[in-house]
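What the coordinates show
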Amino acid sequence: MNTGFYPGCSLNGTSREYNESVRAVAAELGLKLTEIDDWNCCGATAAHSMSRELSVALPARVLALAERQGFDEVLVPCASCYNRLSVAAHELARDEELAAKVGAAVGMAYSGKVRIVNVLQYLQEHAAQLLPGKIRHNFAHRVACYYGCLLVRPHKVLGFDRLEDPQSMDGMMRAIGAEPIDWAFKTECCGAGLSVSRTDLVGKLSANILGDARDRGAEAVVVACPMCHSNLDMRRTAINKCLDEPTDIPVLYITQAIGLALGLSRKALGLQRHIVEVKLQ
Amino acid sequence: MSKIGVFICHCGENIGATVDCAKVAEAAASMEGVAFATDYKYMCSDPGQTLIKNAIREHRLDGVVVGACSPRMHEPTFRKACAEAGLNPYLCEIANLREHCSWVHPKGDDTTEKAIEIVHGLVEKVRRNSPLTPIHVPITKKALVIGGGIAGIQAALDIANCGHKVILVEKEPSIGGHMSQLSETFPTLDCSQCILTPRMVEVAQHPNITLYTYAELDSLSGFIGNFEAKIRLKAKSIDESLCTGCGLCTTKCPQKKIPSEFNAGLGRRTAIYVPFPQAVPNKPVIDKEHCTHYRTGKCGVCEKVCPTHAIRFGQEDRIINEQVGAVVVTTGFNVLGTDFFPEYGYGRYADVITGLQFERLASASGPTLGEIRRPSDGKVPEKVVFIACCGSRDPAKGIPYCSKICCMYTAKHAMLYQHKVHGGESYVFYMDIRAGGKNYEEFVRRAIEEDHVNYVRGRVARIYEKEGKLIVKGVDTLLGATPVEIEADMVVLATAGVSNQGSEELAQKLHISYDPYKFFAEAHPKLRPVETNTAGIFVAGACQAPKDIPETVATASGAAAKVAALFSQPDLVREPLVAVVNRSAPPVFSTCVGCFMCQTACPYQAIEREEIKDRSGKVIKVVAKVNPGLCQGCGTCVAFCRSKSIDLQGFSNQQMFAEVEALLETTN
């Protein structure tokens, strides 16, 4: 299996630690990840609020590159990139007219052969069977697995996990000795891109998430999305304003939690980059 | 030299607008063997039929071809007209000029030419037709009803009251079905048990009804009027002739914690049990899966305490054969599992229950004796949320169709709750209120206006527990999609109605069709709503689609009327379009060599072995013989026969070849 790696913009900016930890975990498990050469932005929220064609063309170029460079699948850790790439592939496969237009604009055709996988799928399919022999010490903590909006929706396009009660992250957490809690905000919105324009709203929505996780005894929130991470971690001041009592519950990427269980250094996993300190071992 | 009459119908404009009918008639007149040809605007009308009849008499016709619509539409009409004029009806054939020609082609010479070719083919076939006589088959005037819910009960009683014998088979230990589990029924709020149990008793006591409970259909063979059913009587582990139904065994059984199916899991039962006190028959069965004796060989308390020594641990399933003339399938429906909407927390939170469980809570015979108490701690809930369309009308996660009964029973549930818990608060989340039915809309309005049930139009996104309350998060779409959060004590889910377990398997046993949701399919959704595509098998009630009680009972009576109509005839007349093995004079007797390839090919088990004997009784030859009662005229055996000894009456090889050759000839 030749797996391409599409980091996207976030993993080179605000969520460098996600990038670092994905690569570190893959390397530790002996899994080869090759970054797609000459990749571009997926268009994120901006493109699809302006032009449908552009919102498909940008990911289409990434997919066409991946196909040309001979990858069978492409790992997309950022939930938003994963979503955009999947939507683009879905639309290209169903709209010939659009596919022709986009193909002309990109200058490369995309035949739809490359499988798009998110980090949870990748870990389940490639890492899970390697973990048992590699775990140095269990990540024995109560964790709230937070999936957010984009990993499972729209279900018609992604077809990944259970829509309202996803389980894949919970399964991975159990595999490293953690205890995922039963809670109510697994797939609720954190406020996403309103982080800049309506920080107050993000504070309120993210406070619901962190408040419930804390009240149900979670020691950490585990995520697989740069946007969710930055809101839950970076907007802590705004969040704490909405909570009866401020919380210092840390927010980890799933790959950081797994990395800790594999005995990787905190630095290799980028844990020092968080706003809210991660004290868990 | 044959004298065939050809009659071309314009079918108003259906054929006439595209095909030049006069030209077709003119062309037909010059075909070999045709003595008379004409066209007319409406051949199926009275003047049209008279035209045919007069022509038969006047020209002494020995064959008729009507160029008209599909034979499925008017073949019987024209054959009857021919018969009235003294012509054997099987000498009349239909050339389909409408579906096969005028409807599918534009107006033009080519279309007319095609019509002529079709007519020519049929003329050639009719030249080789021979007179046939319908087959008479006896009818066994006894019906089998499968499923003892209200539909089966109604159908069985109606048929039995017409004076016919009925066998009613029910897979559970008692008849009564879902209706026996209900508390009160919409829109009148009369007690379900009070209207049902007298009928259950009537079934048990009716001299024309034989009731087999704890029994299932094993297989069904045969055909309309002459079915043979193998019925499996599951071992009840008791001798019913000795058991008096005293119930001592059920009070002494040490296995007391088995979830009661009758109480939808809210109550407990013992391993030897009667599903409910009003059960018919009111005699227990042993649930082998949970019984200590069957699991470990120990216990046997019931055997020791039984005053009449009726316990029979060694009893085995028994299979009985019954000859029946008709079958009514009334196997009902099921309530969908709840695991596909995990966001509602069913199974995780004890106080999130299904509508059927609420029925048991509200029922006087239920685990709380009719008091609304929540399952977790037995407290009376002060605030209850009802969620309609749980799984219904949800193509993404559930089923795309509407379960039909939920709007009404949810209104009833909320109303019953308000009647029983004064000061209680109830909310109903709904998509639309579908209250089409006599007094239904008024009933819902009564719930809203008189009983102050709060109807919220919107979906519920999630339910979670917080500090002992169930937080119901939803949206009110009539208030501009305002998010709504209700702290409820209990939540009732109106889960979708789905086909019953095993319905697919049963349909295959019966050779009846079913839809993608595994509900049984009716022969026609409007005009033949209780018949199936298999003659002699009828359907009624919620095994066709979710239905409420009035509709279920109506279809059950409808199916019973169909059975009674069938049984009112002295015998069954069938089309003679069946396969026959040729016969000739001794010493050949038949060209059949007795290889019996046909027997393996026949899907209907219609081919038998026949021994041909000489005067001394010595077997000279064994040949195949077609049972005309079983044969469906499919022709598979004809294709398989190596010695060309089988032919299909009305569709012989000779006729078919002549028809095809005529088509090719005209083209050239």
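See the structure shown above.
Okay, so let's go over this structure. It should be emphasised that the depicted structure is a prediction, and the values quoted were computed from it without experimental measurement.

It is worth spelling out the interface of chain A and chain B at this point. Residue-level contacts link seven residues of chain A with eight residues of chain B. Residues of the side of chain A that touches chain B, tallied by class, amount to two nonpolar, one polar and four charged.

Attention shifts here to the nonpolar core. Counting 230 residues, the largest nonpolar core has A:V222 and B:V327 as the members making the most contacts within it. Contacts of B:V327, omitting those with residues within four sequence positions, involve B:L144, B:I146, B:L220, B:F227, B:L510, B:G536, B:I537 and B:F538. Listed in part, the 44 residues of the second largest apolar core include B:F7, B:V19, B:I52 and B:F78.

Okay, the sheet that holds strand β24 (residues 460–466) of chain B next. Residue and element names in this part refer to chain B. Reading across from one edge, β24-β25-β26 is the order of the three strands in this open sheet, with antiparallel pairing throughout. Each edge of the open sheet carries a strand with a single partner, namely β24 and β26 (482–488). The sheet shows a mean angle of 20° between the axes of neighbouring strands, taken without regard to direction. Two strands pair when backbone bridges link them, and β24 and strand β25 (residues 469–476) are joined in this way by six bridges, in the antiparallel orientation. Following the sheet pairing, Y464 is matched in β25 by I471.

Glancing now at the packing of helix α1 (residues 21–29) of chain B against helix α5 (residues 109–127) of chain B. Residue and element names in this part refer to chain B. For the pair α1 and α5, the least separation of the axes is 9 Å and the interaxial angle reads 40°. Compared by their axis directions, α1 and α5 come out oblique. Where α1 crosses over α5, the two elements pack in a sense that is right-handed. For the pair formed by α1 and α5, the contact residues are K23, V24, A27 and A28 on the first element and T112, A115, I116, V119 and V123 on the second. Among the residues forming the contact of α1 with α5, the class breakdown is seven nonpolar, one polar and one charged.

This part is about the pairing of strand β5 (residues 142–145) of chain A. Residue and element names in this part refer to chain A. Across two bridges, β5 lies against strand β6 (residues 179–180) in parallel orientation. Residue R142 lies in a different strand from β6, and its bridge partner there is E179. Summarising the sheet, β5 and strand β7 (residues 220–223) pair through three bridges and their orientation is parallel. When the sheet's bridge partners are listed, V143 is paired in β7 with A220.

A cis amide bond links B:V280 with the next residue in sequence, B:P281, at an omega value of 0°. Along the chain, the position of B:P281 falls in the loop between β15 (272–273) and β16 (285–286). The amide bond that connects B:P586 to the next residue, B:P587, takes the cis arrangement and shows omega of 5°. Its identity as a non-glycine residue notwithstanding, A:D38 has a phi of 65°, on the positive side. Mapped onto the elements, A:D38 comes out in the loop between β2 (34–35) and α2 (44–50). Of the residues examined, A:D38 has 9 C-beta atoms within 10 Å and is grouped as exposed. Positive phi, normally seen in glycine, also occurs at B:K404, with a value near 70°. Of the residues examined, B:K404 has 18 C-beta atoms within 10 Å and is grouped as partly exposed.

Rules behind the numbers
Residues numbered from 1 in each chain as written. Chains lettered and ligands numbered in written order. Predicted model: local features only at pLDDT ≥ 70, side-chain atom pairs only at ≥ 80, totals over all residues. Contact = placed C-beta atoms within 7 Å. Nonpolar A, V, L, I, M, F, W, Y, C, P; charged D, E, K, R; others polar. Core = buried A, V, L, I, M, F, W, Y, C linked by C-beta atoms within 7 Å. Buried ≥ 20, exposed ≤ 12 C-beta atoms within 10 Å, placed from the backbone. Pairing = 2+ DSSP bridges. Helix = DSSP H or I, 4+ residues; strand = E, 2+ residues; numbered from the N terminus. Axes fitted to C-alpha atoms, helices over the stretch in contact; angles between N-to-C directions. Parallel < 35°, antiparallel > 145°, perpendicular 65-115°, else oblique. Left-handed = near helix turned anticlockwise from the far one by under 90°.

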